[in-house]
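# Tertiary structure, described
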Amino acid sequence: MAEQVKCARCGERREGLGYAPFPNEVGRRVGAEICGQCWKEWLQRQNMIINHYGLDLMNEDAQTFLFDNMKAFFFGGEAPTAQIDTSKEGTVKW
Ligand SMILES: [Zn+2]
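Residues numbered from 1 in each chain as written. Predicted model: local features only at pLDDT ≥ 70, side-chain atom pairs only at ≥ 80, totals over all residues. Heavy atoms only, no water.

### Some points on helix α2 (residues 36–53)
The end-to-end C-alpha distance of α2 is 26 Å, a good match for the 26 Å that 18 residues give at a rise of 1.5 Å each. Gly36, Cys38, Trp39, Trp42, Gln46, Ile49, Ile50, His52 and Tyr53 are the residues of α2 that are buried. On its buried face, α2 sits against β2 (13–15), α1 (25–33) and α3 (60–75). Phi turns positive one or two residues past the end of α2, at Gly54, with a value near 60°. (Helix = DSSP H or I, 4+ residues; strand = E, 2+ residues; numbered from the N terminus. Expected span 1.5 Å × (residues − 1). Buried < 20%, exposed > 50% of the residue type's maximum accessible area, 1.4 Å probe, protein only. Contact = heavy atoms within 4.5 Å.)

Put into structure tokens, the structure is as follows:
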């Protein structure tokens, strides 16, 4: 069973992920500081972003864009708007 974390996003003390979802510093932070509930919310948001912008995840720019959005989602700060295809921007509230 995963340890409880004080979630950096929602501020609640809940069960965390218990693992780093990415093999880097941000992944480690998500694993240690984000609750399972917020992680699920992000997965839904991620799908919305992918569909909204029509991201091709084989594309490195698309991966970076999604990753930057994830950092903003969990840890605050400016969510990047599409550098990828700005013509599709505008209907999603971050
Ligand atoms: Zn949370």
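### A few points about the environment of Ala8
Here Ala8 lies in the loop between β1 (4–6) and β2. For Ala8, a relative accessible area of 41% corresponds to the partly exposed category. For the pair Ala8 and Ile34, spaced 26 residues apart in sequence, the C-alpha separation works out to 5.8 Å. Not counting residues up to four positions away in its chain, the partners in contact with Ala8 are Glu33, Ile34, Phe74 and Phe75.

### Concerning the coordination of the zinc ion
Bound to the zinc ion on the protein side are Cys7 (SG), Cys10 (SG), Cys35 (SG) and Cys38 (SG), at distances that span 2.2 to 2.3 Å. As a motif over one chain, the donors of the zinc ion read C-x2-C-x24-C-x2-C. Here Cys7 is found in the loop between β1 and β2, whereas its partner Cys35 is found in the loop between α1 and α2, with 28 residues between them in sequence. (Donors = N, O, S within 2.8 Å, 3.2 Å for Na, K, Ca; no water.)

### A look at the pattern of salt bridges
Scanning the entire structure with this criterion turns up four salt bridges. Residue Glu41 pairs with Arg9 through a salt bridge whose shortest N-O separation is 2.8 Å. Linking Glu41 in helix α2 with Arg9 in the loop between β1 and β2, this pair joins segments that are 32 residues apart in sequence. Among the residues examined, Arg9 registers a relative accessible area of 33% and is labelled partly exposed. (Salt bridge = Lys/Arg side-chain N within 4 Å of Asp/Glu carboxyl O.)

### A look at the nonpolar core
Residues Val30, Trp39, Trp42, Ile49, Leu55, Met70 and Phe74 are the most contacted members of the largest nonpolar core, which totals 20 residues. Elements that contribute at least two residues to this core include exactly α1, α2 and α3. When near neighbours in sequence (up to four residues on either side) are disregarded, Trp42 contacts Ile49, Leu66, Asn69, Met70, Phe73 and Phe74. (Core = buried A, V, L, I, M, F, W, Y, C linked by side-chain atoms within 4.5 Å.)

### Some details on the packing of α2 against α3
In the contact formed by α2 and α3, the axes pass within 11 Å of each other and the chain directions differ by 140°. Considering their axes alone, α2 and α3 lie oblique with respect to each other. Where α2 crosses over α3, the handedness of that crossing is right-handed. From α2, Cys38, Trp39, Glu41, Trp42, Arg45, Gln46, Ile49, Ile50 and Tyr53 reach across to α3, where they touch Phe65, Leu66, Asn69, Met70, Phe73 and Phe74. (Axes fitted to C-alpha atoms, helices over the stretch in contact; angles between N-to-C directions. Parallel < 35°, antiparallel > 145°, perpendicular 65-115°, else oblique. Left-handed = near helix turned anticlockwise from the far one by under 90°.)

### Regarding the packing of α1 against α3
The contact between α1 and α3 brings their axes to 11 Å, and the two run at 30°. Judged on the interaxial angle alone, α3 and α1 are roughly parallel. The way α1 lies across α3 gives a crossing that is left-handed. Two secondary-structure elements touch here, α1 through Val26, Arg29, Val30 and Glu33 and α3 through Phe67, Met70, Lys71, Phe74 and Phe75. Looking at the contact of α1 with α3 residue by residue, the classes come out as six nonpolar, no polar and three charged. (Nonpolar A, V, L, I, M, F, W, Y, C, P; charged D, E, K, R; others polar.)

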